[in-house]
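Now for the letters of each chain:
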Amino acid sequence: MSLEVLMTDRDRTATRLLRSSAEHSYDPEVEIDWDAPFVPGKYFVPPHRSSLYGTPLWERMTEEQRIELTKHEVASIAGLGVWFETILMQLLIREYFKQDPTAPHAQYALTEIADECRHSVMFGRMIARLGAPLYQPTGVNQWLGKWIAHTGVGPRMYAAILIAEEILDTLQREAMNDENVQPLVRMVSRIHVVEEARHVRYAREELARQIRAAGRGRLAFDKVVIGRAAYLTGTRLIDPRVYRAVGIDPEEGRRAARANPHHRETMRWAGERVVTFLTDLDLIGGPGTALWHASGLLPRTA
Ligand SMILES: [Fe+2]
Ligand SMILES: [Fe+2]
């Protein structure tokens with residue numbers, strides 16, 4: 001494919017996405033009633049998506065404790081969301097800096113950063129409103145995040161972004177329609193889903209283009225990085241520290257969630273769409289395979 005065709009294709013998509021951004025963008029400061037009290041009896045994630053749902057630990061908890069656990073679980077998901085968004089904003093601004101600012105493709109990168117700025121404020125504000133601690137990756141995961149923020153380019157950058165965005169999107173699409181879920185969480189989810197649909201489109205198309213341009217042989221290193229991003233997302237979406245909020249030792253909670261067939265099914269379900277897409281591009285496999293298996297995101301037969 002010639003460079004000219006590549007640019008035209010890119011800019012055509014970007015032009016559509018810019019128009020959609022102008023028509024469907026939300027300011028969470030205005031759209032969300034941040035002072036509204038929580039509704040008694042409503043959960044913060046659909047109860048069947050709680051990591052301990054159906055386990056003996058869950059059966060022992062009171063209804064209040066179950067609701068409290070889901071509050072910390074949604075805080076953990078939002079904390080990981082902000083963390084990924086902050087990495088993505090750095091990657092996109094660097095990509096933008098290399099491009100022609102008159103091109104729609106470059107302008108859309110900047111527009112996506114603007115979306116993510118609002119999202120990170122929204123997630124940060126939600127975590128504060130929940131009264132939950134900030135659950136974000138620590139140790140080696142934190143170091144890897146900094147590394148990819150500074151060095152992420154090409155397929156590994158877009159694939160890592162897609163894993164986080166599509167998993168979050170699947171969870172939020174369900175939460176926004178669930179009447180058992182707190183209105184604040186439903187509204188935050190709805191705003192995020194509408195705006196992320198553009199990001200997913202942009203990253204999917206850009207990733208497919210870059211794979212075609214890179215050729216199959218050059219992707220071994222990227223596959224390891226992508227597998228590591230999947231592992232981090234799968235294992236840290238629910239930070240084990242959330243279990244402290246209901247008096248459960250983090251390690252005991254982590255082990256129970258890991259063994260919980262409901263939670264395993266939730267992770268496979270959340271990963272299904274992005275796993276299918278990355279499989280079609282041949283990005284799951286080779287030296288990254290073990291990390292993908294350990295992430296819990298692959299279908300049972302894989
Ligand atoms: Fe976002
Ligand atoms: Fe995004």
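Since the structure is predicted, the reported quantities are computational estimates derived from the model, not experimental observations.

Q: Where do I start with helix 11 (residues 261–280) in this structure?
A: The α-helix advances 3.6 residues per turn, and as a result positions three or four apart in sequence lie on the same side. For helix 11, with 20 residues, the first-to-last C-alpha span of 27 Å sits near the 28 Å given by 1.5 Å per residue. In the structure, helix 11 departs most strongly from a straight axis at Glu272, where the bend amounts to approximately 50°. By the burial criterion, the buried members of helix 11 are His263, Thr266, Met267, Arg268, Ala270, Gly271, Val274, Val275, Phe277 and Leu278. Buried residues along helix 11 sit in contact with helix 7 (154–176), helix 8 (183–214), helix 9 (220–236), helix 10 (250–259) and helix 12 (289–295).

Q: Is there a simple way to explain helix 7 in this structure?
A: The end-to-end C-alpha separation of helix 7 is 32 Å, in line with the 33 Å expected for 23 residues at 1.5 Å each. Most of helix 7 is tucked away, with 21 of its 23 residues classed as buried.

Q: In this structure, what is going on with the packing of aromatic side chains? I would like to understand it.
A: In this description, a pair of aromatic rings is defined by centroid distance and the angle of the planes. Throughout the structure, instances matching the rule amount to five aromatic pairs. Summarising the aromatic geometry, the rings of Trp83 and Phe84 are spaced 5.4 Å apart at their centres and angled 85° between planes, so their arrangement reads as edge-to-face. In this structure Trp83 comes out as buried when scored by relative accessible area, which is 11%. Seen in terms of ring centroids, Trp147 and Phe221 are 6.3 Å apart; in terms of plane orientation they differ by 85°. Their pairing is edge-to-face. Residue Trp147 is found in helix 6 (residues 139–151), and its partner Phe221 is found in helix 9; the two are separated by 74 residues along the sequence. Taking relative accessible area as the criterion, Trp147 reaches 26% and is therefore assigned partly exposed. The class for Phe221 is partly exposed, based on a relative accessible area of 47%. Above the plane of the ring of Trp269 lies Arg49, whose end atom (NZ or CZ) is 3.6 Å from the centre. Just above the ring of Phe277 sits the side chain of Arg204; from NZ or CZ to the centre is 4.1 Å.

About the thresholds
The residue count restarts for each chain, going from 1 along the sequence in the order it is written. A letter from A marks each chain and a number from 1 marks each ligand, given out in the order of writing. Where totals are concerned, whole chains, interfaces and linings use all residues; where local detail is concerned, this predicted model gives features only for residues with pLDDT of at least 70, and gives and counts side-chain atom pairs only at 80 or more. For the side-chain quantities, the full set of heavy atoms in the structure was used; hydrogens and water were omitted. Secondary structure elements follow DSSP: runs of H or I of four or more residues count as helices, runs of E of two or more count as strands, with numbering from the N terminus. Each residue after the first adds 1.5 Å to the expected span of a helix. The bend at a residue is defined as the angle formed between two axes, one fitted to the seven residues ending at that residue and one fitted to the seven starting there. Think of it in three bands: residues with accessible area under 20% of the maximum for their type are buried, residues over 50% are exposed, and the middle band is partly exposed, with areas taken using a 1.4 Å probe on protein chains only. Should any heavy atoms of two residues lie within 4.5 Å, those residues are considered in contact. Two rings from Phe, Tyr or Trp (for Trp, the six-membered ring) form a pair when their centres sit within 6.5 Å of each other. Planes less than 30 degrees apart are called stacked, planes more than 60 degrees apart edge-to-face, and all others tilted. In this scheme, Lys NZ or Arg CZ marks a charge over a ring once it lies within 6 Å of the ring centre and within 35 degrees of the ring normal.

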